[in-house]
Amino acid sequence: MNRRNLIQLLGTAGIAPASLVLAQSAPQSSEAFQHLLRPQSFGAKVDGVTLDSPAINAAIDRANAQGGGIVYLSPGVYLCGTVVLKSNVTLHLEAGAVILGTTDLSKYVNQISTPTNPGNQPVNQGHHLIYASDADNVTISGPGLIDGQGPKLWVKSTTDIPAAPDKHWADVVSVHYHHVPGEVSPLLEFDNCKHLRIEQVRIENASGWTLRTLSCTYVVIDGVFIKNPVIGPNTDGMDITSSSDVHISNCSIDTGDDAICLKSENPYGGEVSVMRNVTVTNCTLATCCNGFKFGTATKGGYENIMFTNSTIWNPADSDLAARVISGIGIEMVDGGYVDGVVISNIRMQRTRTPIFVRLGARKAPLPGAKTFLRGVMISDIHATEAVLTNSITGLPGLEVEDVTLSNIHIETQEPGLRSMTDREIPDKPNAYPEARMFGTLPAYGMYIRHARGVRMHNAVFTTLATEQRPAIVADDVSNLEISALRVPLQGNQSPVIDLRNTRGAWLRDCTTGTDAPSLLQVSGAESARILISGSNLLNAKQPVTLTAGATASSVSLANNITRETTTHPTP
């Protein structure tokens, strides 16, 4: 419930908005007002010292028992352990109201039991500041603050070794801290809830994950501000887990772990629900991990996911280890599937790797299930000051399918040597997925391996003048299309595109840098059915370079502009 609706409700109760803070002493004869409850009426001291969660829980219980209502927190500091929300209850934090998580971990007691659970033991063994389970029509609204006091629950590690200076891109500042035993995580937990709304509230200093929806349906998260220190270990912003019909909009997240993470699992046991119909739009994300990420875990399915009109960034003074690892990370490694993702209109600034798509085999699919990653459309991406190479990778026999990239502009600051193009890249089928997992890759723009049906249209990859790798490398790829590719004009010792054992490729309307060896290098005896058409090859010494078993019959050229075919007027 937003402030306007709350004031309207107070008006129906005969209470002027100016007297909002005096609601406790106002007459309670109005039916509308009987549904507005203050924790002070149940013993809350609001002094930041006395534990007020029992009073807040009593107010929630009363609201739930009478069929619904608003638990209204007026300005002040409410020191709290676990607060349990219930059906048809709105927890409203007025401006100046603070729910302050206690640092006494014994006060975070899970009060929810499931009757079907053997022994009637709590299913959720974690600690949470705000928790709801099996609830319908639950709302948290702002503009007040929820503060978890996370920094008081972290300890700097004495054993972690930072990455070597030449691999500083592999370091992450938040891994150098860990939690004290009994962490409060997720700070806000919603399990199997329907019609959940979280609006306008500020959430800061989570000690672990900040907000998780688990197996929830019909969720609206709007105008939420999350701020955790970048050094905070495992301080995910939002973990949307096995939930459906979720709408996230107008949020700002600045944290020490993944900003928005879509997970597919059920840590409480039982069926893993399909993640379906999730929309994220108009958000600003900052972190030292991943911006918008799938996984992990990824045990079930993802269908109909949209991420649009958002910014992923880090400040100019951010150390490399404090920057976003991957802006967009689509990672399927635990036996589930991805089918239908649309990502568009994203601006990235100082992310290490703008785009990372990974299909792995860390865990086997559930019985009778099949794992795949397909139907991904990424468009209108503008990224600057990147460091590591974008990649789309699967495994032999487990290929990424049907990925379209269009209107992509990526500027990278990672200079690479020609020798890096010969580096053997391990498949790492069982490894944890991360954009830095392969180290320095043979291409500076995009590396594609074990994939089919990848289409790239109107891509611009720019880099430093000292860069000596190809813009694109494709290895064990079939049905590849690249059109309207633009690269820097400065010289480069490598061809623009390097195809290795690629079957069925069409390159059209592409250009090369100055004195490039060729637009295309083809290698491998399996390479076949490759066409170059309608491309400007004036700056290339030759159209194609063949190596490592590739034959001339594997490549066809049509309607290109080359040095040999171009004539000039006679003076």
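Predicted model only: the values in this text are computed from it and were never measured. (Residues numbered from 1 in each chain as written. Predicted model: local features only at pLDDT ≥ 70, side-chain atom pairs only at ≥ 80, totals over all residues. Heavy atoms only, no water.)

### Let's talk about the overall build of the protein
Part 1: Along the protein, the regular secondary structure elements total two helices and 40 strands.
Part 2: The globule rule puts the C-alpha radius of gyration for 571 residues at 25 Å, and the 27 Å found for the protein is close to it.
Part 3: For the protein, the spread of C-alpha atoms along the principal axes amounts to about 95 × 60 × 45 Å.
Part 4: Within the protein, the proportion of its 571 residues that are buried is 58%.
Part 5: For the protein, contacts bridging at least 24 residues in sequence account for 75% of all contacts bridging at least 6.
Part 6: Carbon and sulfur atoms provide 52% of the accessible area of the protein, an area that totals close to 21,500 Å².
Part 7: Of the side chains in the protein, 43 bear a positive and 52 a negative charge, and the two mean positions are spaced by 1 Å. (Helix = DSSP H or I, 4+ residues; strand = E, 2+ residues; numbered from the N terminus. Rg over C-alpha atoms; globule rule 2.2 N^0.38 Å. Buried < 20%, exposed > 50% of the residue type's maximum accessible area, 1.4 Å probe, protein only. Contact = heavy atoms within 4.5 Å. Areas by Shrake-Rupley, 256 points an atom, 1.4 Å probe, with all protein chains shown as cover. Lys, Arg positive; Asp, Glu negative; His and termini not counted. Charge placed at Lys NZ, Arg CZ, Asp CG, Glu CD.)

### What to know about the pattern of salt bridges
Part 1: Counting across every chain of the model gives 21 salt bridges.
Part 2: Across the pair Arg 452 and Glu 399 runs a salt bridge whose closest N-O atoms are separated by 2.3 Å. Here the residue Arg 452 occupies a position in strand E33 (residues 446–462), and Glu 399 occupies one in the loop between strand E31 (390–393) and strand E32 (400–412), the gap between them amounting to 53 residues.
Part 3: On the basis of relative accessible area, Glu 399 is assigned to the buried category, the value being 16%.
Part 4: The salt bridge partner of Asp 498 is Arg 500, with a shortest N-O separation of 3.1 Å. Per residue, the accessibility class of Asp 498 equals that of Arg 500, and both read buried.
Part 5: One connected set of salt bridges, linked through shared partners, spans Glu 399, Glu 401 and Arg 452. (Salt bridge = Lys/Arg side-chain N within 4 Å of Asp/Glu carboxyl O.)

### So, the packing of aromatic side chains
Part 1: Tallied over the entire structure, the rule returns four aromatic pairs.
Part 2: Consider the rings of Phe 292 and Phe 307, whose centres lie 4.2 Å apart with planes at 15°: the pair is stacked. A residue pair is termed long-range when its members are at least 10 positions apart, and Phe 292 in strand E25 (residues 290–298) and Phe 307 in strand E26 (residues 301–313) qualify at 15 residues.
Part 3: The exposure class of Phe 292 is buried, given its relative accessible area of 1%.
Part 4: Among the aromatic residues, those joined into a cluster by ring pairs are Phe 292, Phe 294, Tyr 302 and Phe 307. (Phe/Tyr/Trp six-rings, centres within 6.5 Å; stacked < 30°, edge-to-face > 60°.)

### Topic: the environment of Val 473
Part 1: Mapped onto the elements of the fold, Val 473 is located in strand E34 (residues 472–483).
Part 2: Val 473 gets classed as buried once you look at its relative accessible area, which sits at 0%.
Part 3: Note: C-alpha distance between Val 473 and Val 341 (132 residues apart in sequence) is 24 Å.
Part 4: Residues within four places of Val 473 in sequence aside, it is in contact with Pro 442, Ala 443, Met 446, Tyr 447, Ile 448, Asp 498 and Arg 500.

### Here we look at the side chain of Ser 215
Part 1: In this structure, Ser 215 sits in the loop between strand E16 (211–214) and strand E17 (217–222).
Part 2: Aside from chain neighbours lying at most four places away, what touches Ser 215 is Asn 192, Cys 193, Thr 241, Ser 242, Ser 243, Asn 266 and Ser 273.

### Comments concerning helix H2 (residues 53–65)
Part 1: Counted at 1.5 Å a residue, the expected span for H2 with its 13 residues is 18 Å, and the 18 Å between its end C-alpha atoms agrees.
Part 2: In this fold, the buried residues of H2 make contact with strand E1 (36–37), strand E2 (47–51), strand E3 (69–73), strand E4 (76–80), strand E5 (83–84) and strand E6 (89–93).
Part 3: Where H2 ends, the next residue or the one after it, Gly 67, has phi of about 95°, a positive value. (Expected span 1.5 Å × (residues − 1).)

### Concerning the layout of surface pockets
Part 1: Taken as a whole, the second largest pocket encloses approximately 210 Å³ of empty space.
Part 2: Along its surface, the second largest pocket is lined by 16 residues, and Asn 234, Asp 257, Asp 258, Lys 293 and Tyr 432 are the ones closest to its centre.
Part 3: With three residues, E25 is the largest single contributor of residues to the lining of the second largest pocket.
Part 4: For the lining of the second largest pocket, the per-class residue count stands at six nonpolar, three polar and seven charged. (1 Å grid on protein atoms, 1.4 Å probe; cavity = no way out; pocket = protein on both sides within 12 Å on 5 of 7 lines; lining within 4 Å. Points joined across faces, edges and corners; volume = space filled by probe spheres on them. Nonpolar A, V, L, I, M, F, W, Y, C, P; charged D, E, K, R; others polar.)

### As for the environment of Ala 558
Part 1: Relative to the helices and strands, Ala 558 is located in strand E40 (residues 555–558).
Part 2: For Ala 558, a relative accessible area of 29% puts it in the partly exposed group.
Part 3: Sequence separation between Ala 558 and Val 400 is 158 residues; the distance between their C-alpha atoms is 29 Å.

### Observations concerning the pairing of E34
Part 1: For E34, the tally of buried residues reaches 10 of 12 residues, placing the bulk of the element in the interior.
Part 2: Two elements, E33 and E34, share nine bridges in a ladder whose sense is parallel. Note that in E34 the partner of Met 456 across the bridge is Ile 482.
Part 3: Relative to strand E35 (residues 497–500), E34 runs parallel, the two sharing four bridges. (Pairing = 2+ DSSP bridges.)

### Looking at empty space enclosed by the protein
Part 1: Taken as a whole, this structure holds two cavities of 30 Å³ or more when the rule is applied.
Part 2: By volume, the largest cavity is sized at about 130 Å³.
Part 3: Lining the largest cavity are 17 residues, with Tyr 444, Val 487, Pro 488, Gln 490 and Asn 492 positioned closest to its centre.
Part 4: Looking at the second largest cavity, its volume works out to about 40 Å³.
Part 5: Classifying every residue of the lining of the second largest cavity by side-chain character gives three nonpolar, two polar and three charged.

### Structural notes on the confidence of the model for the protein
Part 1: Taken residue by residue, the protein gives an average pLDDT of 90. The fraction at 70 or more is 90%.
Part 2: This stretch, residues 12–29, has a pLDDT under 50; its non-local contacts, to residues over four places away or in other chains, come to 25 contacts.
Part 3: pLDDT under 50 marks residues 567–571. Its contacts with residues more than four places away, or in other chains, come to zero contacts. (pLDDT = per-residue confidence, 0-100.)

### Observations regarding the side chain of Asp 258
Part 1: For Asp 258, the location among the structural elements is in the loop between strand E21 (252–254) and strand E22 (260–264).
Part 2: Since its relative accessible area comes to 3%, Asp 258 is described here as buried.
Part 3: Polar side-chain contacts of Asp 258 include one of 3.0 Å to the side chain of Lys 293.
Part 4: With sequence-adjacent residues up to four places away left out, Asp 258 is seen in contact with Asp 236, Gly 237, Thr 287, Cys 289, Asn 290 and Lys 293. (Polar contact = N/O pair within 3.5 Å; in protein donor to acceptor, adjacent residues only side chain to side chain.)

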